[in-house]
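Read off the chains here:
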Amino acid sequence: MAIYETFSYSENLPQRILVQLPDKLKISGERDSDILLILRLLSGNVKLTHAYSDKKIKSRVNYFSSNLTAFSNWNREFPNLLSEDVTADDFSIFIDENKYINKAFYSKILSELSQFILHDKNGSHTSAFIYIYRVLEKISYAFPLIYASKSQDFMSSFNQLKELMVGDKEKKELGFFKIFIKMLYEDDSISSTSIDININANDIDVQRQMYKVLREVSGNEITHDDSIEFNKFSIKFCEMGSFIINVRNRFFHNLNSSANNIESNRIVDSDEFFSFINPMAMHWVAMVFLEVTTYSLSEFQSHRTSVLV
C-alpha cells in the first residue's frame with residue numbers, strides 16, 4: 001500500500017528571479033531534491049499544499065535571516081550564504097549529484113518542517129514547536145555522522161564523540177549533538193553571538209511572567225548578556241539546542257516530581273508564548289542546516305576538483 005502523500009510543493013519565486021535560476025534549482029513537482037525543498041522552504045519561497053485539507057501556503061519567512069526578512073534575489077543571495085565563491089550553477093551541480101544521498105533522512109526532515117509551517121500558518125504555535133523539536137531529534141545524531149563521514153580531520157574528534165553514546169537513548173543522542181555544535185562553531189565568531197527572543201505580549205504582566213519563565217528554564221549557563229529584562233531574552237548561540245530541549249522537557253513532559261515545570265497558568269496563553277520562541281528556534285535550526293550544507297558542498301567541490309585534475 002502506497003504511503004499517503006501529505007504535502008506537495010510548487011514554485012513560488014517571482015518570474016524575474018525564476019528565469020535566472022538553473023533548472024536543477026527550480027521546483028518542478030517531479031522528483032525534486034529533498035535537500036533543495038528544505039532549503040527553499042527555509043528560505044521562504046515555496047508554495048506548500050497540504051493534501052488532506054487542500055490548504056495552500058505560500059511560505060514567506062526567510063529563516064536564514066535573523067530578522068526573517070525575505071531574499072531580494074534568492075538566485076544570487078542564497079549561494080553567497082554558502083560561500084562568496086559559490087554561484088547558483090555551482091550549487092545546482094551539488095544539488096543534482098547529491099539528491100539521492102541520505103534521501104530517507106532528508107525526506108523525514110522535509111516532512112517535519114512542512115508540518116511546522118502548516119501549524120505555524122494555522123496559529124497553532126504550541127503544536128508547531130513540537131515539530132521543531134522533532135527536527136532537532138532527527139538531526140542530533142545524523143548531522144554529526146554526515147559531517148564526520150566527509151572529513152578525515154574530524155575523525156579523531158568523532159571518536160571522542162562516540163564515547164558519549166552510552167546510557168539513555170535520548171540523552172546520548174542530544175548530548176552527542178551538543179558537543180558537535182560546539183565543535184562545529186569552535187573557531188567561528190557566531191559562537192559568541194546570541195539568539196534573541198523578543199517578547200511582545202499584549203499584557204505587560206503576562207509579558208513579565210513569560211520572560212521569567214524563559215529565564216528560569218535557561219539558567220545562567222544558557223542565557224546571553226544581551227538579554228533585556230522582560231522585553232528580549234537572549235540565548236547563547238551554541239546553547240540554543242539545549243534551550244529547545246529544556247522548554248520541551250519542562251512544558252510537554254510536565255513530570256509530577258519536577259519543581260521546574262513550565263506551568264500553563266504562568267505563561268497564560270501557550271500559543272502566544274510559543275509564537276515568540278518558534279521563529280528564532282527555527283532560525284537556529286536553519287543556520288545549523290546551512291553550516292552542514294556549506295561543509296558538504298565544500299567537500300563535494302574539493303573531491304570533484306581532484307577527480308577532474
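*Asks:* I tried to follow the overall build of the protein chain on my own but got confused; where do I start?
*Replies:* The helix and strand tally for the protein chain stands at twelve helices and five strands. Per-residue burial over the protein chain gives 50% buried out of 309 residues. For the protein chain, restricting intrachain contacts to residue pairs at least 6 apart in sequence, the fraction spanning at least 24 positions comes to 68%. About 15600 Å² of surface is accessible on the protein chain, with carbon and sulfur atoms providing 46% of the total.

*Asks:* Just checking my understanding: could you explain the packing of aromatic side chains for this structure?
*Replies:* For any two aromatic rings, the description comes down to two numbers: the centre-to-centre distance and the angle of the planes. One pass over the full model with this rule turns up 22 aromatic pairs. Ring centres 6.2 Å apart and planes at 20° place the aromatic pair Phe91 and Phe94 in the stacked group. Of this pair, Phe91 and Phe94 both sit in helix H4 (residues 88-98), three residues apart, roughly one helical turn. Taken as a pair, Phe91 and Phe94 share a single burial class, namely buried. Aromatic pair Phe251 and Phe274: ring centres 5.4 Å apart, planes at 70°, arrangement edge-to-face.

*Asks:* Explanation requested: unusual backbone geometry in the structure shown.
*Replies:* For residues that are not glycine, phi is negative in most cases, and the peptide bond is trans in most cases. Non-glycine residue Asp54 carries a positive phi angle of around 60°. Assignment of secondary structure puts Asp54 in the loop between strand E2 (46-50) and strand E3 (55-58). Of note in the backbone geometry, Phe230 takes a positive phi value of approximately 75° without being a glycine. Following the sequence through the fold, Phe230 ends up in the loop between helix H9 (204-222) and strand E5 (232-236).

*Asks:* Quick question: what am I supposed to make of the environment of Lys24 here?
*Replies:* By the secondary structure assignment, Lys24 is in the loop between helix H1 (15-18) and helix H2 (34-43). Here Lys24 falls in the partly exposed class, since its relative accessible area comes to 47%. Along the sequence, Lys24 and Asp89 sit 65 residues apart, while their C-alpha atoms lie 8.8 Å from each other. Look past the residues within four positions of Lys24 in its chain and what remains in contact with it is Leu36, Ser92, Ile95 and Asp96.

*Asks:* Any chance you could explain the nonpolar core here in plain terms?
*Replies:* A general feature of soluble globular proteins is that nonpolar side chains tend to end up buried together. The biggest cluster of nonpolar side chains holds 94 residues, and the ones touching the most others in it are Phe91, Phe243, Ile244, Ile277 and Trp284. Among the elements that take part in this core, helix H12 (residues 270-308) stands out by supplying 17 residues, more than any other. Sequence-distant contacts of Ile277, that is, excluding residues within four places in its chain, are made with Phe129, Ile197, Leu214, Phe243 and Val247.

*Asks:* Help me understand a positive patch on the surface in this model?
*Replies:* Taken together, Lys55, Lys58, Arg60 and Lys121 make up a surface patch of like positive charges. Relative to the assigned elements, Lys58 resides in strand E3.

*Asks:* Honestly, the environment of Ile179 in this entry has me stumped. Any pointers?
*Replies:* With respect to the helices and strands, Ile179 occurs in helix H8 (residues 169-184). Using a relative accessible area of 35% as the deciding quantity, one classes Ile179 as partly exposed. A C-alpha to C-alpha distance of 9.4 Å links Ile179 and Cys238, two positions 59 residues apart in sequence.

*Asks:* How should I be thinking about H2 in this particular structure?
*Replies:* Since there are 3.6 residues in each turn of an α-helix, residues three or four apart along the chain are aligned in direction. For H2, a buried count of ten out of ten residues is recorded, marking the element as mostly surrounded by other parts of the structure. Inspection of H2 places Asp34, Ile35, Leu36, Leu37, Ile38, Leu39, Arg40, Leu41, Leu42 and Ser43 among the buried residues, and these make up the whole buried set. Of the residues flanking the start of H2, the one acting as N-cap is Ser33, its side-chain oxygen 3.3 Å from the backbone nitrogen of Ile35. At the exit of H2 stands Gly44, carrying a positive phi of roughly 85°.

*Asks:* Got a minute to help me understand the side chain of Ser218 in this structure?
*Replies:* Here Ser218 lies in helix H9. A distance of 2.8 Å separates the side chain of Ser218 from the backbone oxygen of Leu214, its partner in a polar contact. Setting aside residues no more than four positions away along its own chain, Ser218 makes contact with Thr223, Phe233 and Phe243.

*Asks:* How should I be thinking about the sheet that holds strand E1 (residues 7-11) in this particular structure?
*Replies:* Through backbone hydrogen bonds, the strands of a sheet pair up, either in parallel or in antiparallel fashion. Here three strands make up an open sheet; going across it, the order is E1-E2-E3 and the pairing antiparallel. On the outer flanks of this sheet lie E1 and E3, each paired with one strand and no other. Going from strand to strand, the sheet's axes swing by 20° on average, the running direction of each strand aside. Here E1 pairs with E2 via five bridges, running antiparallel. Counterpart to Tyr9 in the pairing with E2 is Leu48.

*Asks:* It is not clear to me how the pairing of E2 should be interpreted in this structure. Could you clarify?
*Replies:* On a regular strand, each side chain points to the face opposite its neighbour's, so the side chains alternate between the two faces of the sheet. When you tally the buried positions in E2, you get four out of five residues, the bulk of the element. Pairing of E2 with E3 involves four bridges; the strand directions are antiparallel. Counted as the bridge partner of His50 is Lys55 from E3.

What counts and what doesn't
- Residues numbered from 1 in each chain as written.
- Predicted model: local features only at pLDDT ≥ 70, side-chain atom pairs only at ≥ 80, totals over all residues.
- Heavy atoms only, no water.
- Helix = DSSP H or I, 4+ residues; strand = E, 2+ residues; numbered from the N terminus.
- Buried < 20%, exposed > 50% of the residue type's maximum accessible area, 1.4 Å probe, protein only.
- Contact = heavy atoms within 4.5 Å.
- Areas by Shrake-Rupley, 256 points an atom, 1.4 Å probe, with all protein chains shown as cover.
- Phe/Tyr/Trp six-rings, centres within 6.5 Å; stacked < 30°, edge-to-face > 60°.
- Core = buried A, V, L, I, M, F, W, Y, C linked by side-chain atoms within 4.5 Å.
- Patch = residues over 30% accessible without salt bridge, like charges linked within 9 Å, V, L, I, M, F, W, Y side chains within 5 Å.
- Salt bridge = Lys/Arg side-chain N within 4 Å of Asp/Glu carboxyl O.
- Lys, Arg positive; Asp, Glu negative; His and termini not counted.
- Charge placed at Lys NZ, Arg CZ, Asp CG, Glu CD.
- Polar contact = N/O pair within 3.5 Å; in protein donor to acceptor, adjacent residues only side chain to side chain.
- Pairing = 2+ DSSP bridges.
- Axes fitted to C-alpha atoms, helices over the stretch in contact; angles between N-to-C directions.

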